[in-house]
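# Descriptive structure summary
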Amino acid sequence: MRLPPVPVIGIGSRDHALAARLDTLIEPRFDAGAIARSIAAQPLAARIVTQLLRLVPHLPDEDALAAESLAYAALQGSDAHRLWVSRRPRAEVVPREGGVQLSRDDDVLTITLDRAEAGNAIDRTMRDALHEAFALANADSTIAKVVLRAVGKAFSLGAELSEFGTTTDPAMAHAIRSMTLPAREAVHCRNRMEVHIDGACVGAGLELAAFAARIVATRRSWFQLPELAMGILPGAGGCVSMSRRIGRQRTLLMVLSGRRLSAREALDWGLVDALVDDPS
């Protein structure tokens, strides 16, 4: 069955013979009308993320990450994303130090997001530090386990929004991601990786966490991919990590809806492996 270059969405049972061929299915607690409005508001982003998620299952990890970055670059240069950036209040981008702490106990490396005052939003400094941390884990064969955690009330609110639009050349932005995206190193140590989540886990934070072999979260945690409303797609590795973990259909459903997923829903979907009272 050949699909057109737009989202093909089913309403009905997942057991239908054609269900697996569709791009996504409307599941309980998701509003089909709201999803249709989101697609109408950002039709190009909806098309491109749909086409990308059709490709990802057939690609090796490195190629899938490259395809995601190229698709993201195309949308970075779109009028829709530039309009979203122009409508945001201008904020000065101030370079910061730190934001990621490393500690080691025997053969366990712990990576801690430590920018609680900003909801652990991942800025350039944190991005580079995370890339280096996962590269260290890959270079050191004596590290048997990598734990990713965070301090504060949120695991991560996603990418630092004040930095959107600061790299205006999409080709250069792709080149930067090709060298410094934390996902490019995280994917190679995911079998040793465990993530502890408490609170909001949004956008880039969720995309990185989803690479892990094991994810535990508190019952107050929630999960969201809000990028479609910005005219873009999850570009921190999420189209790869999320579709590998919960499948392309549910990944697209989260993207097109922008809806928050509760901790219980995340457990039911296999996005997290266990709910705990204390994420430490």
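Cut-offs and rules
Residues numbered from 1 in each chain as written. Predicted model: local features only at pLDDT ≥ 70, side-chain atom pairs only at ≥ 80, totals over all residues. Heavy atoms only, no water. Buried < 20%, exposed > 50% of the residue type's maximum accessible area, 1.4 Å probe, protein only. Helix = DSSP H or I, 4+ residues; strand = E, 2+ residues; numbered from the N terminus. Arc of directions from axis to C-beta. Axes fitted to C-alpha atoms, helices over the stretch in contact; angles between N-to-C directions. Parallel < 35°, antiparallel > 145°, perpendicular 65-115°, else oblique. Left-handed = near helix turned anticlockwise from the far one by under 90°. Contact = heavy atoms within 4.5 Å. Nonpolar A, V, L, I, M, F, W, Y, C, P; charged D, E, K, R; others polar. Salt bridge = Lys/Arg side-chain N within 4 Å of Asp/Glu carboxyl O.

### Notes on helix α4 (residues 79-87)
Buried within α4 we find His81, Trp84 and Val85. End-on view of α4: buried residues confined to an arc of 100 degrees, all on one side of the axis. Within α4, the exposed residues directed more than 90 degrees away from the buried face are Asp79 and Arg87.

### A look at the packing of helix α2 (residues 43-55) against helix α10 (residues 248-257)
Two elements in contact, α2 and α10, have axes whose closest approach is 10 Å; the angle formed by their N-to-C orientations is 165 degrees. By the angle between their directions, the pair α2 and α10 is classed as roughly antiparallel. The handedness of the crossing between α2 and α10 comes out as right-handed. Touching Ala46, Val49, Thr50, Leu53 and Arg54 of α2 are Arg248, Thr251, Leu252, Val255 and Leu256, all from α10. Of the residues that constitute the contact of α2 with α10, the class distribution is six nonpolar, two polar and two charged.

### Regarding the pattern of salt bridges
This model, assessed by the stated rule, comprises 18 salt bridges. In this structure, the salt-bridge partner of Arg54 is Asp23, at a minimum N-O distance of 2.8 Å. Of this pair, Arg54 sits in helix α2 while Asp23 sits in the loop between β1 (9-10) and β2 (24-25), and the two are 31 residues apart along the sequence. With respect to burial, Arg54 and Asp23 carry one shared label: buried. Taking the shortest distance from any N to any O, the salt bridge between Asp61 and Arg190 comes out at 2.7 Å. One end of the pair, Asp61, is in helix α3 (residues 61-76); the other, Arg190, is in the loop between α7 (183-186) and β6 (193-197), and 129 residues separate them in sequence. Taking the relative accessible area as the measure of exposure, Arg190 reaches 24% and is therefore partly exposed. Beyond isolated ion pairs, a larger network of salt bridges with shared partners links Arg14, Glu27 and Arg250.

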